[in-house]
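Listed below, chain by chain, are the residues.
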Amino acid sequence: MAAGGLADQLTEHLGGLTVPYLFVGAGLSIRYTGAESWPALLRLFAEPLSKPYEYYASTADGDLPRLATLLANDFHEMWWSDPRYEESRAANAELIVARDSALKVEISAHLAKAVDRLPTEGELAKEIELLKAAVIDGIITTNFDPVLEHVRPDLHPYVGQDELLFSDPQGIGEIYKIHGSFEQPNSLVLTAEDYARFDERNPYLAAKLLTIFVEHPVIFLGYSLTDRNVQRVLVDIARCLTDDRIQDLRDRLLFVEWKPGATPAMASTVISAEGFAIPVQSIVVPDFREVFTALGTVKRRIPARLLRHLRKEIYELVKTSEPTARAYVEELEPSADPSSVEVYAGIGAIAKLTTSYVGLNRADLLDDVLDDRGYDPSRVVLEALPNPRLGSKTTMLPVYKYLRGADLLHADGRVADEAQLPPRVVDRVEARETLLKGLGSYRQRAERNLKGVASFAALVEACSADDVLYYLPFLDEDVIELDGLRNFLVANRESFDTDRQPVSSQWAKAVCLYDWLRYGRGL
């Protein structure tokens, strides 16, 4: 196929469909970071043990989840006494809740470094830039590492079945890490017992995935057609559909297989799994360049991040019947004809619709501290900050920009007259030192990593973005360059300003620290 041929063919194929999802496996991380395959990862963590990897593989009859169970049991015993893991024991002892936890903690620490190995130049770096520009509604992945969140910070991650079950995913602009994530070691689906629990709780996940598979084309990357995770998902989907409906998936399931040196090609084929014949489009490529190029041509009027936010606000409005600061509904007469009702959706247009400050939420105030939305400081102090919906005094909220702007702070940062302030605002001022303290569990790690770090710029240079947030409260306030801190917070807002706990709380804490340093501390 001539250069550009596959990209054109795939663009035409996707042109008649809705915005696609990606279903991403280990092959993507292997290609871009040199990550280990699952067997190679387990072999790596068998090395410190007295028994060779081959012992575990043969005892488990080659079954990888069973192999992981056997390995985890022996790793548990070794981890608690081996001097090599002394620092890890001090930092992570509270995470050891089962015999497989130690192995999961160390695997997670190993995978956390994956983004450091992403290429910054060359053909692979160009592919990653194309992936960043791909127009997709979301990603489903069985990968544990942070590569996808790093490459696509515009997508909101959900970890494991629990977060999908007890959160309100909108189906747009999201990453579903269905087998867990490195930042929550005990969420990893790794051992035979993990897979058994996963299967027991699978009906909700299967229903969620069925909705995606029916409504979107799904492009599989980094898997083989025989991958057990893929086969398991496809069988769950097929069981819910009639033979006729299964045939409707033909144009919606696209398997991209990376074969170095292969001629790009796209053809119809069938995957056989547990008695089901599932029609798919098979795409063979020597690299992912043409696939990502085609995804970059998909048309959408509103970016996924904004569309997800709008959908979430409308969902909350329907669920609670109470408008928030970002979604408003004018009350209608019960007898109103629905067909005659005008609907207005505004992105970033609330100022044109309302002048109320009571409905401002925490995200509004955090964004205003960084970007200055022009709020009246006095009204924020008197109307927004006292609102109980913003939480208790232990909720991270910026206050000093508004107190300074309302002329309610002395030059040295003390409150001018507490009697003028609502009690909730006074409580937030009094709680500042406690709220801005660093997490105790990170103290030793921070002290170790901050040795020789003499500025905020040096901290950013030396650490990952997540670690910057955790170590920042332990940095001397006098060496924090305010413009550098603001630029960091703005540049990383898309990946931090989410419900991704606990890092989103650390981002909010960092904004509140910036608020204190910029507006509160003695001028």
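The sections below set out a description of the structure shown in this document. Throughout, residues of each chain are indexed from 1 in the direction in which the sequence is written. For this predicted model, a pLDDT threshold of at least 70 governs which residues receive local features, and a threshold of 80 or more governs which side-chain atom pairs are given and counted, while totals over whole chains, interfaces and linings are taken from all residues. To get the side-chain values, take all heavy atoms of the structure and skip hydrogens and water.

1. Points about the overall build of the chain
Now for step 1: Helix and strand definitions here come from DSSP, where helices need a minimum of 4 consecutive H or I residues and strands a minimum of 2 consecutive E residues; each element is numbered from the N-terminal end. Scanning the chain for helices and strands turns up 27 helices and eight strands.
Now for step 2: Each residue is assigned to one of three classes by its accessible area relative to the maximum for its type, calculated with a 1.4 Å probe on protein chains only: buried under 20%, partly exposed between the two thresholds, exposed over 50%. Taken across its 523 residues, the chain has 50% of its residues classed as buried.
Now for step 3: The contact rule is simple, with two residues in contact once any of their heavy atoms fall within 4.5 Å. Look at the contacts in the chain between residues 6 or more apart in sequence, and 72% of them connect residues 24 or more apart.

2. Side note on the pairing of strand S3 (residues 156-159)
Now for step 1: Here S3 shows a buried face lined by His156 and Tyr158 and a second buried face lined by Pro157 and Val159.
Now for step 2: Bridge count between S3 and strand S4 (residues 174-177): four bridges; the pairing is parallel. If you follow tyrosine 158 over to S4, its bridge partner there is tyrosine 176. DSSP calls a pair of strands paired once it identifies at least 2 bridges connecting them.

3. A word on the packing of aromatic side chains
Now for step 1: Any Phe, Tyr or Trp ring, taking Trp's six-membered ring, that has another such ring centre within 6.5 Å forms a pair; planes under 30 degrees apart are called stacked, those over 60 apart edge-to-face, and the others tilted. Within this structure, the stated rule accounts for 15 aromatic pairs.
Now for step 2: Ring geometry for phenylalanine 75 against tyrosine 85: centres 5.6 Å apart, planes inclined by 65°, an arrangement best described as edge-to-face. Of the two residues, phenylalanine 75 is situated in helix H5 (residues 64-79) and tyrosine 85 in the loop between H5 and helix H6 (86-92); the sequence distance between them amounts to 10 residues.
Now for step 3: With relative accessibility at 0%, the residue phenylalanine 75 sits in the buried group.
Now for step 4: The exposure class of tyrosine 85 is buried, given its relative accessible area of 10%.
Now for step 5: An aromatic cluster of three or more residues is present, and its members are Phe23, Phe213, Phe220, Tyr223 and Phe255.
Now for step 6: Over the ring of tyrosine 195 we find arginine 228, and its NZ or CZ is 4.9 Å from the ring centre.
Now for step 7: For a lysine, the NZ atom is tested; for an arginine, the CZ atom; a charge sits over a ring if that atom is within 6 Å of the ring centre and within 35 degrees of the ring normal. Positioned over the ring face of tryptophan 516 is arginine 432, at 3.6 Å from the centre of the ring.

4. Considerations on helix H20 (residues 423-430)
Now for step 1: Of all the residues in H20, the buried ones are Val425, Val426, Arg428 and Val429. Projected onto a plane normal to the axis of H20, the buried residues spread over an arc of 160° and lie on a single side. More than 90 degrees from the buried face of H20, the exposed residues found are Pro423 and Glu430. Each C-beta atom gives one direction from the helix axis, and the arc is the one those directions make.

5. Examining the environment of aspartate 478
Now for step 1: Here aspartate 478 shows up in the loop between helix H24 (465-471) and helix H25 (482-491).
Now for step 2: Looking at aspartate 478, the relative accessible area reads 62%, which means it is exposed.
Now for step 3: The spatial distance from the C-alpha of aspartate 478 to the C-alpha of serine 455 is 8.7 Å, given a sequence separation of 23 residues.

6. Observations regarding helix H27 (residues 503-520)
Now for step 1: In a regular helix each residue adds 1.5 Å, so 18 residues correspond to 26 Å; H27 covers 24 Å between its end C-alpha atoms and thus fits that length.
Now for step 2: Counting buried positions over the 18 residues of H27 gives 15, a clear majority of the element. How far a helix is expected to stretch is found by multiplying one less than its residue total by 1.5 Å.

7. Structural notes on the pattern of salt bridges
Now for step 1: Counted as salt bridges are all cases of a side-chain nitrogen of Lys or Arg within 4 Å of a carboxyl oxygen of Asp or Glu. Under the defined criterion, the tally for this structure stands at 25 salt bridges.
Now for step 2: Note that aspartate 63 and arginine 228 form a salt bridge whose closest N and O atoms lie 4.0 Å from each other. With aspartate 63 in the loop between helix H4 (53-59) and H5 and arginine 228 in helix H13 (residues 228-239), the pair connects residues that are 165 residues apart, well separated along the chain.
Now for step 3: Salt-bridge contacts for lysine 132 lead to glutamate 129; the nearest nitrogen and oxygen are separated by 3.1 Å. Here the residue lysine 132 and the residue glutamate 129 both occupy positions in helix H8 (residues 123-133), the gap between them amounting to three residues, near one helical turn.
Now for step 4: One continuous salt-bridge network, built from bridges that share partners, spans Asp100, Lys104, Asp194 and Arg197.

8. Side note on the pairing of strand S2 (residues 138-141)
Now for step 1: Along S2, one buried face is formed by Gly138 and Ile140 and the opposite face, lined by Ile139 and Thr141, is buried too.
Now for step 2: Note that strand S1 (residues 21-24) and S2 share four bridges and pair parallel. The residue of S2 that forms the bridge with valine 24 is threonine 141.
Now for step 3: Here four bridges tie S2 to S4, and the two strands are oriented parallel to one another.

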